[in-house]
Amino acid sequence: MAIIVGGVGTTHVPAIGKAIAEKKHNDPYWKPFFKGFDYVHYWLARTKPDVAVVFYNDHGLNFFLDKLPTFAIGAANEYRSEDEGWGIPVSRPIPGDAGLSWHLINALVADEFDVTMCQEMLIDHAVTIPMALIWPGPAWPIKIVPIEINTVQHPLPSLERCLKLGRSVGRAIESYKQDLRTVIIGTGGLSHQLDGQRAGFINKEFDRLCLDKIVAEPDALTGYSIHDWIKESGSQGVEFLNWMAMRGALTGRVSELNRNYHIPISNTAAATVVYDTESGAARQAA
Ligand SMILES: [Fe+2]
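Along each chain, numbering runs from 1 in the same order as the chain's sequence is written. It should be noted that, the model being predicted, local features are given only for residues of pLDDT at least 70 and side-chain atom pairs only at 80 or more, the latter also being counted only at that level, while totals for whole chains, interfaces and linings use all residues. Water and hydrogen atoms play no part in the side-chain values, which are based on all heavy atoms of the structure.

1. A look at the nonpolar core
Step number 1: In terms of nonpolar packing, the biggest core is built from 53 residues, with Val-53, Phe-55, Val-169, Ile-184, Phe-240, Trp-243 and Tyr-275 touching the most fellow members.
Step number 2: Here, residues are in contact when the closest pair of their heavy atoms is within 4.5 Å. Filtering out sequence-adjacent residues up to four positions away, Ile-184 remains in contact with Ile-4, Gly-6, Gly-7, Val-8, Val-53, Phe-55, Ile-173, Met-246, Ala-249 and Leu-250.
Step number 3: The set of buried Ala, Val, Leu, Ile, Met, Phe, Trp, Tyr and Cys residues whose side-chain atoms join them within 4.5 Å is what this entry labels a nonpolar core. Partly exposed residues are those whose accessible area sits between 20% and 50% of the maximum for their type, while under 20% is buried and over 50% is exposed, using a 1.4 Å probe and protein chains only. The next biggest cluster of nonpolar side chains, apart from the first, holds 40 residues, and it includes Val-13, Phe-37, Met-121 and Ala-270.

Set out below in structure tokens:
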């Protein structure tokens, strides 16, 4: 049976891709951010996942404003990226696990999440940058199932809806008959706003509250409407929806193993976390 070994949350700012390409890991500006991944690499070397289910939002590479699904799942054996215009190298293709994708799609539709199924889907920096940060080696040691959430064009799904989506994904993974070790990844955020009068807005206190609550009380965050969230976290801070889905997919009691919070990366509050699950820890020890 498939198991969930835990979760990783990380920011996906495009400038990170340029810093990786230019090997700026020890540059004083970047070092406090990149150091946050030392624990992620240590934890992955112990937990050895086979598949990553990645919750992210597309920024106009695969979907555009003319056709934008609320939830979309990749069902391909390989995912390519393309030049998005940020001046960062195009990622090499990432292998997909189409078998797990179709299992998740069947389970989600049965659970009344009417997802868009994508047998071809370009992945943008919201997938490729976290993947390069989490697995920095020359070859991908893992397959992915990308799950896209609309955080761009209103109306957006609620925090509660994304938490429930994640919970449905978590149940579906644990009903998959194949022996697979799965890690759940949520990308984006935390507080930031790229446009308008509040461009550059960051809310450290609110980010801390979110990082505290999401571990043991994620439902407490569902009281915020999307508009409340934008007030507190900035117009792009709604990318936290991806984190809510990631957290929802973590079954059993969840604990925070590591947290790195750093301001600023570009104009964003950057966070990197690792979450353990009771079920994952128990099965690792067995
Ligand atoms: Fe983004």
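2. Comments concerning the coordination of the iron ion
Step number 1: As a rule, N, O and S atoms within 2.8 Å of a metal are its donors, except that Na, K and Ca use 3.2 Å; water is not among the atoms, so sites may look incomplete. The protein atoms donating to the iron ion are His-12 (NE2), His-59 (NE2) and Glu-239 (OE), with metal-donor distances spanning 2.0 to 2.2 Å.
Step number 2: On the primary sequence, the residues serving as donors to the iron ion are separated as H-x46-H-x179-E. Of this pair, His-12 sits in the loop between strand E1 (3-10) and helix H1 (14-21) while His-59 sits in the loop between strand E2 (51-56) and strand E3 (71-74), placing them 47 residues apart in sequence.
Step number 3: Judged by relative accessible area, which is 3%, His-12 ranks as buried.
Step number 4: What makes His-59 partly exposed here is its relative accessible area of 34%. Under the DSSP-based scheme used, a helix requires at least four consecutive residues in state H or I and a strand at least two consecutive residues in state E, with every element numbered from the N terminus.

3. Some details on the packing of H1 against helix H5 (residues 125-134)
Step number 1: Whenever a helix is involved, its axis is fitted only over the stretch in contact; in every case the axis is a line through C-alpha atoms, and angles between N-to-C directions fall within 0 to 180 degrees. Two elements in contact, H1 and H5, have axes separated by 9 Å at closest approach and are oriented at 40°. With respect to H5, the element H1 is oriented oblique. Between H1 and H5 lies a crossing of left-handed hand. Contacts between H1 and H5 involve Pro-14, Ile-16, Gly-17 and Ile-20 from the first element and His-125, Ile-129, Ala-132 and Leu-133 from the second.
Step number 2: Polarity classes work like this: nonpolar for Ala, Val, Leu, Ile, Met, Phe, Trp, Tyr, Cys and Pro, charged for Asp, Glu, Lys and Arg, and polar for all others, with Gly in that last group. A breakdown of the residues in the contact of H1 with H5 according to their chemical character gives six nonpolar, two polar and no charged. For classification purposes, angles smaller than 35 degrees are called roughly parallel, those larger than 145 roughly antiparallel, those between 65 and 115 roughly perpendicular, and all remaining angles oblique. Crossings are sorted by hand: turned counterclockwise from the far helix by less than a right angle, the near helix makes the crossing left-handed, and turned clockwise it makes it right-handed.

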